[in-house]
Amino acid sequence: MSDSFDDIPFFDEEPAPRKAPAPPPAGNGGLGIAARAMAARDQRRAPDYLSGLNPEQREAVETLDGPVLVLAGAGTGKTRVLTTRIAHILATGRAFPSQILAVTFTNKAAREMKERIGVLVGGAVEGMPWLGTFHSIGVRLLRRHAELAGLRSDFTILDTDDVVRLIKQLIQAEGLDDKRWPARQFAGMIDTWKNKGLLPADIPEGDARAFANGKGRELYAAYQARLKTLNACDFGDLLLHPIAIFRQNPDILKDYHGRFRYILVDEYQDTNTAQYMWLRLLAQRPKGTPQNVCCVGDDDQSIYGWRGAEVDNILRFEKDFPGARVIKLERNYRSTEHILGAAGHLIAHNEGRLGKTLFTDRTDPEDEKVIVHAAWDSEEEARAIGEEIERLQRGDAGGRKHALNDMAILVRASFQMREFEDRFVTLGLNYRVIGGPRFYERLEIRDAMAYFRLVCQPADDLAFERIVNTPKRGLGDTTVRYLHDYARARDIPMLAASAEIVETDELKPKARKALFDVVQSFRNWQQQLEATPHTELAEQILEESGYTDMWKADKSAEAPGRLENLKELVRSMEAFESMRGFLEHVSLVMDAETNENLDAVSIMTLHSAKGLEFDTVFLPGWEEGLFPHQRALDEGGRSGLEEERRLAYVGITRAKHRCHIWFVSNRRIHGLWQSTMPSRFLDELPQAHVDVAVAESNYGGYGGGRGGYGQSRFDKADPFANSYSTPGWKRAQANKTDATRDNWGTRSGHAVERIGYGESGPRGRTIDGELVAKSVADKPSQFSVGDRVFHVKFGNGNISAVEGNKLTIDFDRAGQKRVLEGFVERV
DNA sequence: ATAGGACGGGTTTTT
DNA sequence: CCCGTCCTAT
């Protein structure tokens, strides 16, 4: 993104496009004769960038007039189509870069697109100013018209953390119990409303009553009012304000209609209602005016319904844009026929899809089918996958050697990651974890950012409150509350209030002096904002505020890492022209770099795997309750199940050559062992493309298809040749105390890259297993210590502890386990 | 001010 | 079980 929001001329000063629009495409079905002739003519002198496209891709690229919906299945060259289409628009002189609006969901996608267009078009074309995420484009629009939303153009963008703190204040100000009404929850509600495009007046009565003793609506309105006085926005506002501005100012909207000759949207299946409203305002034109909108998406990969995405948007595209051309990309360039066959058969169980079937020409008898494996428990699952990874890495059995970078483990829920980490640490296998909190979410980074924000934006009270007593200056709660009240009463920012208060003798001398110093410092830094280079100023701020000293004095293990992160923060500012430009970047771009030089297995959730591909993919945890997730079923019903199925589809289609699916019979949930059923999705895989692994262990076995998951096949199992060993997690922690800037330690030849995760490592989470536990919890246990019991999976053992309905049992063969008493019987 | 204990909550995540 | 948050006791 650009550093400044003033570099884009608002009105077109460029000449009109050089070429007359091409004649409308012939017929609805195949190409007419004239069109074919023209296509043939074009083929002869087809520009380089068009060669190598298949007919459908080419149609998607070359159908420039009128609405187009491209249904691009996984691995069908979606990004290629989008970028080539833009290159084509530019190369044919249909529009200038600044006349193309291209929207993506993530910064990564936007970046990638920019790079690829650059390659296609050559360096001649300046970066496209209106290519970006919904939010970054929203910021750009809002900066231009801020006053129409009651803001100044230098408004701040609050992140989730700020929002929660602000709401908490509001809840307290209402005299409500902030424990009974958690701010985080209300922030979530506001987010949901905003995703739906709802302002306080629009929210359903039921929603309004559900929170804060029925004060939900008032609280939402108060929140919006407070944002306005803070000259701030949350993420939702970046869409909602422009929508309101467009609706209330038809002339402004009309200007944008004139500006944006071509509109492109990536991942259309992920748009939420607000984004849809925004897009329709910009794309729908009066009758007779060209509506050159092209949306690309895949209804089968819609996996964000839970955060407001509406698959309906893609399903009703043709209604919204009558006469739309719908182009399906079904030729897959990524995966083997077995992988496509398995994925296609699975997803066919969903109703209400537009219906695509991926195919490939490549057939290779050597290609391995999708393999389903059974394991006793999650520990064995991790062990077996680890072994398979090492086997592929060594390349024995005549196979070639595989890089760890080509392998990924995709899990449904992040708590599953831990077991793999433990195992890989023990094996000394390099891995990287993708997901979790980011660089910019770290404590020290957020503190430093608060200083910078307050310098650039003195009205940023949230930043003020964050750092006024960091490092400790003796300005505790009492003082801050006083400042807060004083500022609110006079309707001025807290920093300005402080400047007034230090002139009085309202505060005790000690506090007064401390606050005076703060006020002086900020005055000083603000004065230097224009003159001093921003990286220098940043360093100066961190030094003079005592913030770096605070961490230098800290003897804890993380302190050196935090200092290193601060240095990195300042270093990363160099790429920007000003401190303001940097702040804007950070508020919208939260992603972390990966270290590509490191050869490591990737571990991530299925959600974060969307859009990626790997030679070999491992999909563990295909069990009822985990995948499909119980909560998705409980809360989402049928559509919840279908979204889970799409997630499974996404998982399988990430694989180029090898896809290994696993399920276990026992998983530890809330620390208790529970027996689990294989996922229904396993039954939905086609026999023709799937093999069932045998002899992974002597008790595994898939049971041969439908209905084959009897418990009896586990009876003679002896899964505990290795007793439960202490996880290597602690060692992992120790190993990477020096992991700082990039979060990867390299001791003992073992590298762990933690993309996103902060110093705390992965958090243990677990799935819902409460029902079983609660149903019997009130009865006193019928078992007591010393009882000899039998467990259908663990065999015989002696009870060593009883706690409600939870028993700790020393099994003869399985070692010590904690199980619910319902699973054992007295011998 | 900070450690330590009680307490709650535990799917997925971007901007 | 395992973690983060909040309140209490030093």
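In this convention, every chain numbers its residues from 1, walking through the sequence in written order. To read the labels, note that chains go from A and ligands from 1, taken in the order they are written. Where totals are concerned, whole chains, interfaces and linings use all residues; where local detail is concerned, this predicted model gives features only for residues with pLDDT of at least 70, and gives and counts side-chain atom pairs only at 80 or more. Computation of side-chain values covers all heavy atoms of the structure but excludes hydrogens and water.

Some remarks on the packing of aromatic side chains
- When two rings of Phe, Tyr or Trp (its six-membered ring) have centres within 6.5 Å they constitute a pair, described as stacked for plane angles under 30 degrees, edge-to-face for angles over 60, and tilted for the intermediate range. Taken as a whole and judged by the stated rule, the model has 25 aromatic pairs.
- Arranged with centres 6.4 Å apart and planes meeting at 85 degrees, the rings of Tyr547 and Trp551 form a pair that is edge-to-face. Of this pair, Tyr547 and Trp551 both sit in helix α24 (residues 547-553), four residues apart, which is roughly one turn of the helix. Taken as a pair, Tyr547 and Trp551 share a single burial class, namely buried.
- Between the aromatic rings of Phe576 and Phe582, the centroid separation amounts to 5.5 Å while the plane-to-plane angle is 70 degrees, which identifies the pairing as edge-to-face. With respect to class, Phe576 is no different from Phe582; both count as buried.
- Put simply, the rings of Trp181, Phe186, Trp193, Phe211 and Tyr220 touch in pairs and so form one group of aromatic residues.
- Sitting over a ring, as applied to charges here, requires NZ of Lys or CZ of Arg to be within 6 Å of the ring centre and within 35 degrees of the ring normal. Here Arg143 stacks its cationic end above the ring of Phe155, 4.0 Å away from the centre of that ring. Per the convention used, a helix needs a DSSP run of H or I reaching at least four residues, while a strand needs a run of E reaching at least two, with both numbered from the N terminus. Each residue is placed in one exposure class: buried if its accessible area under a 1.4 Å probe, protein chains only, is under 20% of its type's maximum, exposed if it is over 50%, and partly exposed if it falls in between.

Comments concerning the UniProt feature "binding site: ATP" (unreviewed entry) in chain A
- Residues annotated by UniProt as "binding site: ATP" (unreviewed entry) correspond here to Ala72, Gly73, Ala74, Gly75, Thr76, Gly77, Lys78 and Thr79.
- With respect to the helices and strands, Ala74 occurs in the loop between β1 (68-72) and α3 (78-91).
- With relative accessibility at 2%, the residue Ala74 sits in the buried group.
- In this structure, Ala74 is in contact with Asp298, Gln301, Asn332, Arg334, Leu358, Tyr649, Thr653 and Arg654, ignoring residues within four places of it in sequence.
- Looking at where Gly77 falls in the secondary structure, it is placed in the loop between β1 and α3.
- Using a relative accessible area of 23% as the deciding quantity, one classes Gly77 as partly exposed. UniProt positions are given in the numbering used here, feature names are shortened, and annotations may be inferred rather than shown by experiment. Should any heavy atoms of two residues lie within 4.5 Å, those residues are considered in contact.

Comments concerning the sheet that holds strand β3 (residues 131-133)
- Read across the open sheet, the six strands follow the order β3-β2-β6-β7-β1-β8; overall the sheet is parallel. In this open sheet, the two edge strands, each paired with only one partner strand, are β3 and β8 (325-329). When strand polarity is set aside, the average angle formed by the axes of neighbouring strands in this sheet is 15 degrees.
- Alignment of β1 against strand β7 (residues 293-297), held across four bridges, turns out to be parallel. Looking at the pairing, Leu69 lines up with Cys295 of β7.
- For every element, the axis is a line fit to its C-alpha atoms; helices are fit only across the contacting stretch, and the angle between N-to-C directions ranges from 0 to 180 degrees. The sheet contacts of helix α4 (residues 107-121) involve β2 (100-104) and β3, and relative to β3 the element is tilted by about 165 degrees. Pairing between strands requires that DSSP locate at least two bridges from one strand to the other.

Overview of the pattern of salt bridges
- Here a salt bridge means any side-chain nitrogen of Lys or Arg lying within 4 Å of a carboxyl oxygen belonging to Asp or Glu. Scanning all chains against the criterion turns up 50 salt bridges.
- Salt-bridge contacts for Asp320 lead to Arg280; the nearest nitrogen and oxygen are separated by 3.0 Å. You can see Asp320 sitting in helix α14 (residues 317-320) and its partner Arg280 sitting in helix α12 (residues 273-283), a full 40 residues away along the chain.
- For Glu388, the salt bridge is made with Arg391, and the minimal N-O distance between the two is 2.4 Å. With Glu388 and Arg391 both in helix α16 (residues 378-394), this residue pair falls three residues apart, about one helical turn.
- Judged by its relative accessible area of 13%, Glu388 falls in the buried class.
- Each of Asp159, Asp161, Asp162, Arg165, Arg446, Asp447, Arg453, Asp460 and Arg466 takes part in a single network of salt bridges with overlapping partners.

Things to note about the pairing of β1
- Burial of β1 is extensive: five of the five residues sit out of reach of the surface.
- Alternating positions in β1 separate into two faces, Val68, Val70 and Ala72 on one and Leu69 and Leu71 on the other, with burial throughout.

A few points about unusual backbone geometry
- Pro471 follows Thr470 through a cis peptide bond whose omega is 0 degrees.
- Along the polypeptide, Pro471 turns up in the loop between α19 (461-467) and α20 (477-490).
- A cis geometry characterises the amide bond from Phe627 onward to Pro628, with omega recorded as 5 degrees.
- Mapped onto the elements, Pro628 comes out in the loop between β13 (614-619) and α28 (630-653).
- The backbone of Glu267 sits at a positive phi, close to 50 degrees, despite the residue not being glycine.
- Mapped onto the fold, Glu267 is located in the loop between β6 (262-265) and α12.
- For Glu267, a relative accessible area of 17% translates into the label buried.
- The backbone of His670 sits at a positive phi, close to 55 degrees, despite the residue not being glycine.
- Inspection of the secondary structure puts His670 in the loop between β14 (655-669) and β15 (672-675).
- Residue classification places His670 among the partly exposed residues on the basis of a relative accessible area of 41%.

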